[in-house]
Amino acid sequence: MIIRGDLLRHQREAMGLSQRALAEGICHQSLVSRMESEGHVTSMVILTDICHRLQIDLDKIVSLEEPNYLNLSAVRQAINNGDYDIARRLLKRECNLKYLPDEARPLYHTLHARLELGQQNFFGALNDLQNASVAVSQTQKNLLLEIEMVTTEVWIKLEDFEKARFCNRIAVKKVRNFLNSRNRQNNLNNDLIVSIYRQSADLALAQEAISTAEDFLIQAKSFVSKSTLTNELIRINLVEGKLRSIKKERKESCRAYLRAYTTAEQLGDTVMMEDIKPYLVENNIDYFD
């Protein structure tokens, strides 16, 4: 049976699973390797179990159509697009926690935490993140980073900067350890690295550590690519605006704030728009033009 091996590999890496971890209890690791590299499998039973563990639509994998990941992948896409209502409906309707494989449960809790964060239910988000931390495997490196990143974001929103810095330090340490690892198959998500270094810059600005903030912002930008999520670019511009404001570079600061707001407006992310408005008002920027 011909399958889209590249889609299997993409989702496995997105979930932070090694080939061995994906194959455990289903088949031999070498079969997973062949499925990804050769795009072929003979057992529908094995393929079904693999797709269930990865939360991929089996029909799309077999039919060679464009990727249409269901369930948690669809929830993540909706969150990344700022479609929080759609994400919440998908999570409630499509993703029954008790039917998810163990490997997918920490991702479920992490995505639910991001939704709670978007709804400003901060302590609900922290509860979800605690559940995610308990369930996540040490092989799920991207998810480990995402949990720390989202936890940091919650503490920033609660203005508990001491706890935010503690979580951020853990995240930065993990990023550097993973990047320095001899294992070249880490497949780290650059968007997460951008987010973590951007948070570091934001937290440094809260202490008016301008030089440190600039260094972290440079590191964040070094991992930006054409595929970087638009909402993360919005946040980078917001931090850039704060930095320029502290340095009394008003023109550059206003431009950064405007870039952040107009991009959020184009994306339709009302949560981000509300976060940016106070900075526009503070600088007398007419954001209705």
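Basis of the calculations
- Residues numbered from 1 in each chain as written.
- Predicted model: local features only at pLDDT ≥ 70, side-chain atom pairs only at ≥ 80, totals over all residues.
- Heavy atoms only, no water.
- 1 Å grid on protein atoms, 1.4 Å probe; cavity = no way out; pocket = protein on both sides within 12 Å on 5 of 7 lines; lining within 4 Å.
- Points joined across faces, edges and corners; volume = space filled by probe spheres on them.
- Helix = DSSP H or I, 4+ residues; strand = E, 2+ residues; numbered from the N terminus.
- Nonpolar A, V, L, I, M, F, W, Y, C, P; charged D, E, K, R; others polar.
- Core = buried A, V, L, I, M, F, W, Y, C linked by side-chain atoms within 4.5 Å.
- Buried < 20%, exposed > 50% of the residue type's maximum accessible area, 1.4 Å probe, protein only.
- Contact = heavy atoms within 4.5 Å.
- pLDDT = per-residue confidence, 0-100.

Looking now at empty space enclosed by the protein. Inspection of every chain in the model, using the stated rule, returns one cavity of 30 Å³ or more. Size it by volume and the largest cavity reaches roughly 30 Å³. In terms of lining, the largest cavity is formed by Leu8, Leu22, Val32, Met35, Glu36 and Ile50. Here the lining of the largest cavity takes three residues from helix H3 (residues 29-38), the largest share from any one element. Classifying every residue of the lining of the largest cavity by side-chain character gives five nonpolar, no polar and one charged.

Our next topic: the nonpolar core. Leu8, Cys27, Met35, Ile50, Leu54, Ile61 and Leu72 are the most contacted members of the largest nonpolar core, which totals 75 residues. Residue contacts for isoleucine 61: discarding those within four places in its chain leaves Ile2, Ile3, Arg4, Leu7, Leu8, Leu47, Cys51 and Ile56. In this structure, Cys254, Ala260, Ala264 and Met273 belong to the second largest nonpolar core, which totals 12 residues.

Time to look at the side chain of threonine 110. Within the secondary structure, threonine 110 sits in helix H8 (residues 105-118). When near neighbours in sequence (up to four residues on either side) are disregarded, threonine 110 contacts Ala132, Leu143, Glu146 and Ile147.

What follows covers the confidence of the model for the protein chain. Put simply, the protein chain has an average pLDDT of 86, and 91% of its residues get 70 or more. Contacts from residues 63-70, a stretch scored under 50 in pLDDT, to residues over four places away or in other chains number 18 contacts.

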